[in-house]
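# Structural features, examined
Here's the letter readout for the chains.
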Amino acid sequence: YHSFSFKIIVTVFVAMFTVMLVVSYQHIEAQYSFLERTIYLFAERASTFSKTALLHGMQENDREDIWRTITNMSEAPGLDAIRIYDKTGTIRYSTTPSETGETVDMQADACTMCHGDESEFEQTSSDQYMRIYDSPRGHRVLGLITPIENRLGCATAPCHAHPPEQTVLGVLDVQMSLEETDAHVSALQRIALLS
């Protein structure tokens, strides 16, 4: 145990083990970043698609059409929830019908981008904000907040009472589950530790 060759072997082993741990950690982090980015892109597309799909119902003030559209979109895999908030923080539409009509605290996670501390949000584009938080259901969620603008067609339509100077009517909140992503990363971590 005190020989020079034994010390060299132990030193080399420890160095190799350390390098393997660092490489494994970097590999897992890279995979996690890739998976998180993929989910963000899916949320971004879901948000864009949602706004487009909801446009007709909103312009026509067809609440039934808006409900039907949101209900159909809620069946997409990995989608935790879709909510539409008005400017006062009232949930006008939600894939969780029981929360429709509730007014949320302006310090709630979906409101702080406009009405509070933005530190938990990452601005992903000029008008979108992303946050990752723990869901009450026990898994993490990636939420994407996108403002619903007062378009010219909305401001001038006879069924709407929104004046042209009101630039934002509310926000669309698309929430993607990170449960599968986190489970995948945990499996990778276990494999890295055991190999």
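Criteria and cut-off values
- Residues numbered from 1 in each chain as written.
- Predicted model: local features only at pLDDT ≥ 70, side-chain atom pairs only at ≥ 80, totals over all residues.
- Heavy atoms only, no water.
- pLDDT = per-residue confidence, 0-100.
- Helix = DSSP H or I, 4+ residues; strand = E, 2+ residues; numbered from the N terminus.
- Contact = heavy atoms within 4.5 Å.
- Buried < 20%, exposed > 50% of the residue type's maximum accessible area, 1.4 Å probe, protein only.
- Arc of directions from axis to C-beta.
- Polar contact = N/O pair within 3.5 Å; in protein donor to acceptor, adjacent residues only side chain to side chain.
- Salt bridge = Lys/Arg side-chain N within 4 Å of Asp/Glu carboxyl O.

## Quick notes on the confidence of the model for the chain
Confidence in the prediction for the chain averages 77 pLDDT; 78% of positions are at 70 or higher. Looking across the chain, the model is least confident in strand β3 (residues 122-123), with a mean pLDDT of 48, and most confident in strand β2 (residues 91-94), with 90.

## A look at the side chain of Glu99
Locating Glu99 in the fold gives a position in the loop between β2 and α3 (112-115). Residues in contact with Glu99, not counting those within four places in the same chain, are Arg83, Ile91 and Ser94.

## Notes on helix α2 (residues 63-73)
Where α2 is concerned, the buried positions are Asp65, Ile66, Thr69, Ile70 and Met73. The arc enclosing the buried residues of α2, seen along the axis, measures out at 130 degrees, which places them on a common side. Looking at the buried residues of α2, the elements they touch are α1 (4-59), β1 (79-86) and β2. Capping the start of α2 is the job of one residue whose side-chain oxygen sits 3.3 Å from the backbone nitrogen of Glu64: Asp62.

## Description of the pattern of salt bridges
With the rule as written, the count across this model stands at 6 salt bridges. The partner of Glu99 in a salt bridge is Arg83, and the shortest N-O contact between them spans 2.3 Å. Here Glu99, found in the loop between β2 and α3, pairs with Arg83, found in strand β1; they are 16 residues apart in sequence, far enough to count as distant. The same class applies to Glu99 and to Arg83, which are both buried. The network of salt bridges with common partners includes Arg83, Glu99, Arg131 and Asp173.

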